[in-house]
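Summary of structural features
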Amino acid sequence: MLESVLVANRGEIALRVIRGARELGIRTIAVFSEADRGSPHVMHADEAYCVGPARASESYLAVDRILDVARRSRAQAVHPGYGFLAERGDFAEAVVDAGHVFVGPAASTIRAMGDKTEARQRMAAAGVPVVPGTNTSLGSRSEARRAAESVGFPVVLKAAAGGGGKGMRVVRTVDEVGGAFDAAVRESEAAFGDGSVYVERYLERPRHIEIQLFGDTHGNVVHLFERECSIQRRHQKLVEEAPSPLIGPEERRRMGAAAARAARAVDYVGAGTVEFLHAGGEFFFLEMNTRLQVEHPVTELVTGVDLVEWQFRVASGEPLPLRQEEIPLRGHALECRITSESPFDGFLPVTGIVDEFVPPHGAGVRWDGGIARGSEIGLHYDPLLGKLITWAPDRRGTVQRMKRALGELRIGGIATCAPLLSRIMDEPDFREGRLSTAYLTEHPDLLDAAMSAAEREALIAASALLEHRRREERAAPRIGGGGTPLGDWQRRAHG
Amino acid sequence: MLESVLVANRGEIALRVIRGARELGIRTIAVFSEADRGSPHVMHADEAYCVGPARASESYLAVDRILDVARRSRAQAVHPGYGFLAERGDFAEAVVDAGHVFVGPAASTIRAMGDKTEARQRMAAAGVPVVPGTNTSLGSRSEARRAAESVGFPVVLKAAAGGGGKGMRVVRTVDEVGGAFDAAVRESEAAFGDGSVYVERYLERPRHIEIQLFGDTHGNVVHLFERECSIQRRHQKLVEEAPSPLIGPEERRRMGAAAARAARAVDYVGAGTVEFLHAGGEFFFLEMNTRLQVEHPVTELVTGVDLVEWQFRVASGEPLPLRQEEIPLRGHALECRITSESPFDGFLPVTGIVDEFVPPHGAGVRWDGGIARGSEIGLHYDPLLGKLITWAPDRRGTVQRMKRALGELRIGGIATCAPLLSRIMDEPDFREGRLSTAYLTEHPDLLDAAMSAAEREALIAASALLEHRRREERAAPRIGGGGTPLGDWQRRAHG
Amino acid sequence: MGEASMSTRPSRYVVSLRGEDHDVVVEADGGVVIDGRRREASLVVTSPPIGHSLLLDGASVPLMARDGGRGRWEIDLGGCSFSVEVLDERQAKVRALSAISAGRTAIAPLKAPMPGLVVRVEVEEGAVVDAGETVMIVEAMKMENELRAPAAARVARIQVGAGDAVAKGQVLVEFGEVEAE
Amino acid sequence: MGEASMSTRPSRYVVSLRGEDHDVVVEADGGVVIDGRRREASLVVTSPPIGHSLLLDGASVPLMARDGGRGRWEIDLGGCSFSVEVLDERQAKVRALSAISAGRTAIAPLKAPMPGLVVRVEVEEGAVVDAGETVMIVEAMKMENELRAPAAARVARIQVGAGDAVAKGQVLVEFGEVEAE
């Protein structure tokens, strides 16, 4: 087993990796930007070193600074998490060239899959069905128009270097292509430093289903079943689950086999995910992500496999702990992403200080988070505050449990998407598993800010009592033995 | 399914039951003493009503007041949790007489098993092996002396109404019997209002192994395998796990069958546990607990069964959801009890205000707690603050995970037994599964307060920096744009 | 965790929530009368400074409360944040009088909901926009966000241009009434 | 979450922990010199008011700190609570002088570690007890707790008897030196 690892990331995924490493007895080394000095991932690691200012390009994306910390801290391995440098072939190469183990696939694999157009070519060659579209990037508005017309509307423009919905635009008529092309190139350049864009047939109301894969250095490849990620906003996943509520054993087997074929075609080592779009009874290769996914916990809960542990085992040269037929699939798991976005205000990102934080607990509930009371949420990084994951023997129980857990979650000072998620858990289509990527568009009522009569009454009563108490205290400060509960508490705690 | 339930308890078990009920759509009604007005169980329930002052006899044990709330709030059912009224036959009877459903076995079953001497008689009659000893309670010092001599030293004196180590005394010579008898009677009277005491052969270094049982109103009885609870202090469980590291499939089957036989002998309905002492390859009936156990979560994690859900299903008249052969046993689970006791100071109970609370999270970690930041820990109730439970595919991984999780747990203002538990996770005998109820006595080094060189250095550096900062701030208050991080935060959060 | 200490005399307040006023009497014995309807109420601090527990006729409501000064309270309930204003009878009368003299209310200007970079302005000064029409694109967190008109309005003044960095709360566009035709 | 602001001049302190004194210099640039050994140090508040993060030559130490006044700090680390005293050079000299004049320290009296009920007193005034010998049984939380002698001592005065209710911190037994024989 590895002796030490530098985790080149922040937030919930840095914590996830640190926790996994610590359980294997691996010394953990965190890096942080100046904005993250007090962040939970710094506090959870054995060691932590600053790699630069808040701006990611000068810290979490600064390869030289990160490698310098790896050298000084004698880190045997480097784990990239997801995002930031996780899918940059050059980084993986530099890590290995500097004498460290890279916890992930070979640089060449990352490069091949990172270029979405090359990935489409390789998958088609391996016999995996791909969505109709261009397999090369587009040079101009007019080229984009021609390609879109030959694929047939509606189409979607996508960043070749992309992922996570950035640099993506759906286009329904030829007139919109030019503007959408410009926007996609601009967003793609800003997000990935690469403006290459390609076009694909846009599938109406598809389901987003992905297969978790694992390969080792001994030539073994297994899949760990599917995840259903159809509930999205702005092409970003919001709710994920395993297994998919609409896939039967036979289709599960076929998609798993296709994904494993894709992995073998690129000699895959480590954790990876093949994303499929599923529409009209067919599934099409969308992309392969050569790292851990945000939503990996739902797979962990239904299989009992710790994917981060497996990553470290494979990186240590061990064979995969289980064969395909030994991997169980038990019960149902659901994940909700808790982001600092205001769902009733067009998902506008929100900033501020977390002035209270009470995560949910209890049977079948897992919280993978990256915040604490006192955390400052800025605009430098992703809005993902944490992930709430539930498990139960069946989907109905899992949804009920998620609803209960969302009700317990308290994050003060920052608006989050949790109230929307809570409504989704009650919505009949979701409860029955009638999912598609168009779900939120088709349920606009979920996005209306509303207040129940009971909430209104509670707010009125609470504010009147608060103001009344404040005035009483101002009128007679610290008289008698009482004091306010607050004052009393502070005196006892700090006096 | 039931429509509503009053939870006649407090702390972590009230929360556990409320969470389970809520996931089934059952309206939850909490009761609280004046000392618990701000407690988490009050905040998690749909409704909450005060039942009296802090003293349990005037609130959580006040049957009339609790039944009055049940009537006023139109509670269909009453769940007793564990402790307090959970094993009082009179309470179960009063609940049913008042027209509510009692979530637990019949009053007659509770009474039969609550009298430990009667339980011994019934078990012996059902062919379940019992520890040699008296099957009736002792009337005097001299009777105790005679009984002890006939059983053979060492013996243990036990409260007939008892449980949880209260009113229990180990005696090794005839001279000690008198004093121990007086102490056991006194403690037993204080704890249970009943000074009946009996004597049993004291098994040296036994293991404490118990079987989880479930019965329904349709005559079905299943067992959900064993829990190993050998790590104890003062005869109170500290660490529990499932499965037992030293029981093989054959012995598991035999103990399960004996426990199920015991349950059928008393027409058992609901959740129950048969406790066995295991020594020298034999096992002996110790007692039957006619309610949910503190340590029920380890069983939930290895079987995937939600025991509170099953309690509500059985109370609603449904049959058990699974047959014996359908109940899986997967992986390994461990529970550590986090109590407000100072382990390096003879487990002295500690009081105060919880001024910081950060529970652990992540893969395979569950926290069942009853505290929040701001909670006041007094001496009126049990010192159990919460339970930390971990799961992994094997025991080694579960122990490593527990060690990691204990390291994350931060409870400020109250000394807890967590540092001792952390040491136990590292101790070779524990890691190898060499457990017995004498474990702590045999590892006195675990109870020595020690400080590592790194801790010493951190304390010195931190305190010097804190004092330095305090002096700097006093010298130049609020000058410049900076302010302390604390002051800055408070301004932003409240300004 | 003691009960908030209440005086022995009842007090009357006007509570404003989402544009509606409510008459509230806080009684000395733990009762709160809202628009004439009495409730048993108990409010305590649980996790200082902002964590509170409210019991209203037995119904348990966990909430977080921050004092915004001058009778304004910011309360988080069920994952959402609400602004509530509490005035006593005298203050409420003063406010009612000044509202009458001020006449009809103006349309609120468009402010930046977060720091970001103006990508594009979609309207020109003098244009008439519908409620919900996109006015400006602002990039933040590497995503483009569409900012929309709060109501049907005339674009009176545009204060920023493409490429400008904007601070949270900065006024971007001022609106005027749409004249009847 | 800014760094604790440090002045530009180094300061020297004497830090007492579990009866041992340490010489500490806090440097202006983030260094801390402990008994002559220099460490890079950074301490910030993470969760106000008591949650802190310390980095010491890169090693990450989460801790909770409470100001006990007059240079005393109560710090929770690794689940245990520690009392530390920080004096400047002048204060440390004054303390050293007064300690010499006071002569050898007395044996601390036995205090009630929690509120409870005295069940039984196991010793009599004038008796000599060994360190760790049971002196008294106090019931709390329905359990009997044995309170033990902090050191070998002579029982000078017993202040409570069986059946007495005692408050936390209340002195139960005072000790004197054991005379050499």
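Look a little higher up for the structure.
Residues numbered from 1 in each chain as written. Chains lettered and ligands numbered in written order. Predicted model: local features only at pLDDT ≥ 70, side-chain atom pairs only at ≥ 80, totals over all residues. Heavy atoms only, no water.

Notes on the nonpolar core
- One finds Leu 6, Phe 91, Phe 214, Leu 224, Trp 310 and Phe 312 of chain A to be the most contacted residues of the largest nonpolar core, which totals 58 residues.
- When residues no more than four places from it in sequence are discounted, the contact partners of Trp 310 of chain A are Phe 214, Val 222, Leu 224, Val 305, Leu 320, Pro 321, Leu 322 and Ile 327 of chain A. (Core = buried A, V, L, I, M, F, W, Y, C linked by side-chain atoms within 4.5 Å. Buried < 20%, exposed > 50% of the residue type's maximum accessible area, 1.4 Å probe, protein only. Contact = heavy atoms within 4.5 Å.)

Section: the pairing of strand S8 (residues 197-201) of chain B
Residues and elements named next belong to chain B.
- The element S8 is largely enclosed, with a buried count of four among its five residues.
- Pairing between strand S6 (residues 155-159) and S8: five bridges, direction antiparallel. Bridging across to S8, Lys 158 finds its partner in Tyr 198. (Helix = DSSP H or I, 4+ residues; strand = E, 2+ residues; numbered from the N terminus. Pairing = 2+ DSSP bridges.)

Section: unusual backbone geometry
- A cis geometry characterises the amide bond from Ala 242 of chain B onward to Pro 243 of chain B, with omega recorded as -5 degrees.
- In this structure, the amide linkage connecting Pro 48 of chain C to the following residue, Pro 49 of chain C, adopts the cis form with an omega of 0 degrees.
- Within the element layout of this structure, Pro 49 of chain C appears in the loop between strand S4 (37-47) and strand S5 (51-56).
- One non-glycine residue, Arg 234 of chain B, lies in the positive phi region at around 50 degrees.
- Inspection of the secondary structure puts Arg 234 of chain B in the loop between strand S10 (221-233) and strand S11 (236-242).

Some points on the sheet that holds strand S13 (residues 143-148) of chain D
- Spatially, S13-S12-S10-S15 (chain D) is the arrangement adopted by the four strands of the open sheet, whose pairing is antiparallel. The sheet terminates laterally at S13 and strand S15 (165-166) of chain D, the two strands that pair on one side only.

Describing the packing of aromatic side chains
All names here are of chain A.
- Applying the stated criterion across every chain yields a total of 14 aromatic pairs over all chains.
- One aromatic cluster is present, formed by Tyr 60, Phe 84 and Tyr 381 through successive ring pairs.
- Against the face of Phe 347 rests Arg 233, its NZ or CZ located 5.6 Å from the ring centre. (Phe/Tyr/Trp six-rings, centres within 6.5 Å; stacked < 30°, edge-to-face > 60°. Lys NZ or Arg CZ within 6 Å of the ring centre and 35° of its normal.)

Things to note about the sheet that holds strand S9 (residues 207-215) of chain A
Residues and elements named next belong to chain A.
- Spatially, the eight strands line up as an open sheet ordered S13-S12-S9-S10-S11-S14-S21-S19, and their pairing is antiparallel. Looking at which strands have only one partner, the edges of the open sheet turn out to be strand S13 (282-289) and strand S19 (365-369). Neighbour-to-neighbour, the strand axes of the sheet open up by a mean angle of 25 degrees, direction not taken into account.
- One ladder, built from six bridges, connects S9 with strand S10 (residues 221-233); its direction is antiparallel. Residue pairing in the sheet places Ile 211 in a bridge with Glu 226 of S10.
- Most of the contacts of helix H13 (residues 418-426) go to strand S14 (residues 332-339), to which it runs at about 150 degrees, and overall it touches S10, strand S11 (236-242) and S14. (Axes fitted to C-alpha atoms, helices over the stretch in contact; angles between N-to-C directions.)

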